[in-house]
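Read off the chains here:
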Amino acid sequence: MGRKSANWLSDYLAMTENQKSPPLFHLWTGVFTIAATLERNVYMNWDFFKLFPNMLVVLVAPPGRCAKTTALSIGRDMLRQVPNPPLVLSQKVTPQFLIKELSKDPNNDDGTDSSAICFSREFTVLVGQDAFNTGLTDILGDLYDCPEKEEYYGTIIRGKAFWRRGCLNIAGATTPTHIKRVIPRAELGGGFVSRVIFVERDNGRGIARPFMTEAQRKIREALVEDLKTIRLLRGEYRLTKEAEKWYDEFYFEQEKSIKWTSEYTARFPQHILKISMCLAASLTDTLLLTVEHLELANKMLTEIERSMTPVVQHLEMTQHGEHAERVLSIIRSHPEGLMRSAISRATWRFAQKRDLDGILEQLVESKEIEIRRFKQGHMYLPIKEEEQGDDTSKV
């Protein structure tokens, strides 16, 4: 069956041009929509396990600025028009409901999967403190790994449950404040949170009255039809010889990187493969991944790496890191600069002189602040960050 769109993701971005959300939010909602459409139908076979294109994507922005929920709903509504869509979960899921809803008869394979898609208006309601306390995040992590067969025993339910061909896709929205308030730092080193791709932006586009042109409505119709075709894809994705070489070099280069020490960023290679499968499905029915797919996936992750940094830094932060963050925040609130004595007066309650000296030295070395020396003392000034910009031109 022929495609109506030569590039599904590119046309998805064109369809959403007259809507407030940042282009990057639409790009990742589009990628997620393809991943949710594919489910377990396609995969990469690593012999010891299969890698599926399912994803956990969370849009992060201050309330009211970026229309996070609206961006997600565009992909969700299109997904609902795909024949035989998988189970769509509500935003408040209890462990009991999830286990029982996806449980199958171990003695009777009826052909259905233990698969679910969740569009959550508030990610920290779905995955809040209760979820960590009750074990729901462990269950979500197991389903994200797409087990072929899995038996569950535990006190969450009385008895046991059986999953067959598990698969979980989650797209959520939240604010930076909610993430810092709800997600425990210890969870980053664990499984679930380190699997999430956080996409953060501060501001949307200045569109007072969102609308769709007649041409955009026709694009949407074509995109839905192509989703039906993507839904029919089956089988194993393979790397071309050139792509194998690119991936091997990338993997070992990443392994040497200082970022590799983070459990979170150590998952980037798998994220690249998952995204590449979605990019390939956006273009063609051929189950082959090229260097171009891998390079674009890497570019997309690199583009949002800076936006993920505040989230990850919070989750990994030690007490020393918290103090450094507070000192940096104080200095940033005074773009004209602060004298060392003024910083001391603002921080004496949590940082002794020796600690403050170390923090300031570290912030200067990491190029977060700069120092100017005067006869009357040292002045510290924040270094301006580059303005945020969404580069979706290569999609």
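Structure: above.
Definitions and limits used
Residues numbered from 1 in each chain as written. Predicted model: local features only at pLDDT ≥ 70, side-chain atom pairs only at ≥ 80, totals over all residues. Heavy atoms only, no water. Core = buried A, V, L, I, M, F, W, Y, C linked by side-chain atoms within 4.5 Å. Buried < 20%, exposed > 50% of the residue type's maximum accessible area, 1.4 Å probe, protein only. Helix = DSSP H or I, 4+ residues; strand = E, 2+ residues; numbered from the N terminus. Contact = heavy atoms within 4.5 Å. Expected span 1.5 Å × (residues − 1). Axes fitted to C-alpha atoms, helices over the stretch in contact; angles between N-to-C directions. Parallel < 35°, antiparallel > 145°, perpendicular 65-115°, else oblique. Nonpolar A, V, L, I, M, F, W, Y, C, P; charged D, E, K, R; others polar. Salt bridge = Lys/Arg side-chain N within 4 Å of Asp/Glu carboxyl O.

### Quick look at the nonpolar core
Generally speaking, nonpolar side chains in soluble globular proteins are found buried as a group.
And then number 1: Core analysis: the biggest nonpolar cluster contains 65 residues, and Trp8, Trp28, Met78, Val199 and Tyr237 have the highest contact counts within it.
And then number 2: Take this core: its biggest share by element is 10 residues, from helix H2 (residues 23-38).
And then number 3: Apart from residues lying up to four places away in sequence, Trp28 is in contact with Val57, Ile197, Val199, Ile275, Met300, Leu301 and Ile304.

### Focus: helix H12 (residues 268-283)
And then number 1: Helix length check: H12 (16 residues) gives 23 Å between terminal C-alpha atoms against 22 Å at 1.5 Å per residue, within 8%.
And then number 2: The buried fraction of H12 amounts to 14 of the 16 residues, a majority that puts the element mostly inside the structure.

### Comments concerning the packing of helix H11 (residues 241-256) against H12
And then number 1: The geometry of H11 relative to H12 is characterised by a closest axis approach of 10 Å and an angle of 150 degrees between their N-to-C directions. For the element pair H11 / H12, the angle class is roughly antiparallel. Residues Tyr247, Phe250, Tyr251 and Gln254 of H11 form the contact with H12, whose participating residues are Phe268, Pro269, Gln270, Ile272 and Leu273.
And then number 2: Partitioning the contact of H11 with H12 into residue classes produces seven nonpolar, two polar and no charged.

### Observations regarding the pattern of salt bridges
And then number 1: Tallied over the entire structure, the rule returns 13 salt bridges.
And then number 2: Put simply, Glu39 and Arg231 hold a salt bridge, and the shortest N to O gap is 2.9 Å. Pair noted here: Glu39 is in the loop between H2 and strand S1 (42-45) and Arg231 is in helix H10 (residues 214-231), with a separation of 192 residues, a long-range link. Residues Glu39 and Arg231 agree in their burial class; the two are buried.
And then number 3: Each member of the salt-bridge network shares a partner with another, and the members are Arg340, Lys353 and Asp357.

### Thoughts on the environment of Val395
And then number 1: Position of Val395 among the secondary structure elements: in the segment after strand S15 (377-382).
And then number 2: For the pair formed by Val395 and Ala297, sequence separation is 98 residues and the distance between their alpha carbons is 9.5 Å.

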